[in-house]
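# Commentary on secondary and tertiary structure
Residues per chain, in single letters:
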Amino acid sequence: MNSPLSAIVVMGVAGCGKSSIGAAIATRSGGRLIEGDAFHPAANIEKMSAGIPLDDDDRAGWLIRLGEELQATLKSGERPILTCSALKRRYRDALRHAVPDLGFVFLELTPAEAEKRVLARPGHFMPASLIESQFAALEPPHGEPLTLPLDATRPVAALAETVNDWLKPCGERTLARTA
């Protein structure tokens, strides 16, 4: 680990590339990828599969579980790289409560691009019909501390390299204050 940032969340709406970019970041910067979707209870997956958006109550227990997983990964000596939509400030604050000084990589893209990407991924429980609700719930983290917004349409390798540079001590301090 080359950074005081002990953990990061790769966040954004469905289809922004959290899993692909999170995996590339984990490989490039050293860390353990944690797929946030894998921690959804069955009721949440059933609801989303039926085209029903999750609400704050649906996400509350899931966010607590993700915070526990972040803490356990840190305790084992690894840097967690969590993929999680973290659409609202209160969701990010819940994760920050579990891990103070948590970094966030915000993958931005348009609704049209998100829909195109979700339609192209077979077998995922999140239907494209929920894209609109994702954008309606999104409270972009612009101006929040330790947050790096990135254009999710850039190549995965370039995004991972940008994050790796951000995780370096001098780059982290500069970007965290200006992002």
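Sequence order sets the numbering: in each chain, residues are counted from 1 along the sequence as written. Since the coordinates come from a predicted model, pLDDT governs what is reported: local features require at least 70, and pairs of side-chain atoms require 80 or more to be given and counted, while whole-chain, interface and lining totals use all residues. In computing side-chain properties, one takes all heavy atoms of the structure into account and sets aside hydrogens as well as water.

The name recorded for the chain in an unreviewed UniProt entry is Gluconokinase, from Pseudomonas urmiensis. In its Sequence similarities (unreviewed entry) section, UniProt records this for the chain: "Belongs to the gluconokinase GntK/GntV family." UniProt positions are given in the numbering used here, feature names are shortened, and annotations may be inferred rather than shown by experiment. Heading Catalytic activity (unreviewed entry) of the UniProt record for the chain holds this comment: "D-gluconate + ATP = 6-phospho-D-gluconate + ADP + H(+)".

### Let's talk about helix H5 (residues 111-119)
Only protein chains enter the calculation, and the probe is 1.4 Å; a residue is then buried if its accessible area is under 20% of its type maximum, exposed if over 50%, and partly exposed in between. In DSSP terms, a helix is any run of H or I states spanning at least four residues, a strand is any run of E spanning at least two, and both are numbered starting from the N terminus. Turning to H5, its buried residues are Glu113, Ala114 and Val118. All buried residues of H5 project into a common sector of 130 degrees when viewed along the axis, lining one side. Opposite the buried face of H5, at more than 90 degrees from it, the exposed residues are Ala112, Lys116 and Leu119. In this analysis, two residues are considered to be in contact whenever any of their non-hydrogen atoms come within 4.5 Å of each other. Close packing links the buried residues of H5 with helix H6 (131-137). Here the arc refers to the directions that run from the helix axis out to each C-beta atom.

### Looking at the pattern of salt bridges
Basic side-chain nitrogens of Lys or Arg form a salt bridge, by our definition, when they fall within 4 Å of a carboxyl oxygen of Asp or Glu. Per the stated rule, a full pass over the model turns up 15 salt bridges. One salt bridge connects aspartate 55 with lysine 47, and the closest N-O pair in it is separated by 4.0 Å. By relative accessible area, which is 36% here, aspartate 55 ends up partly exposed. Taking relative accessible area as the criterion, lysine 47 reaches 22% and is therefore assigned partly exposed. In this structure, the salt-bridge partner of arginine 89 is glutamate 144, at a minimum N-O distance of 3.7 Å. In this pair, arginine 89 is assigned in helix H4 (residues 89-98) and glutamate 144 in the loop between H6 and strand E5 (147-151), connecting sequence segments 55 residues apart. When salt bridges that share partners are traced, they join Arg89, Arg92, Asp93, Arg96 and Glu144 into one network.

### A closer look at the nonpolar core
Put simply, a nonpolar core is a bunch of buried Ala, Val, Leu, Ile, Met, Phe, Trp, Tyr and Cys residues held in one set by side-chain atoms that sit within 4.5 Å of each other. Counting residues in hydrophobic clusters, the biggest one holds 47 residues, and the most contacted among them are Ile8, Cys84, Leu95 and Val163. In terms of residue count, helix H7 (residues 156-167) provides more of this core than any other element does, 5 residues in total. For cysteine 84, the residues in contact, after removing those within four places along its chain, are Val9, Val10, Met11, Gly12, Lys18, Trp62, Leu63, Leu66 and Leu95.

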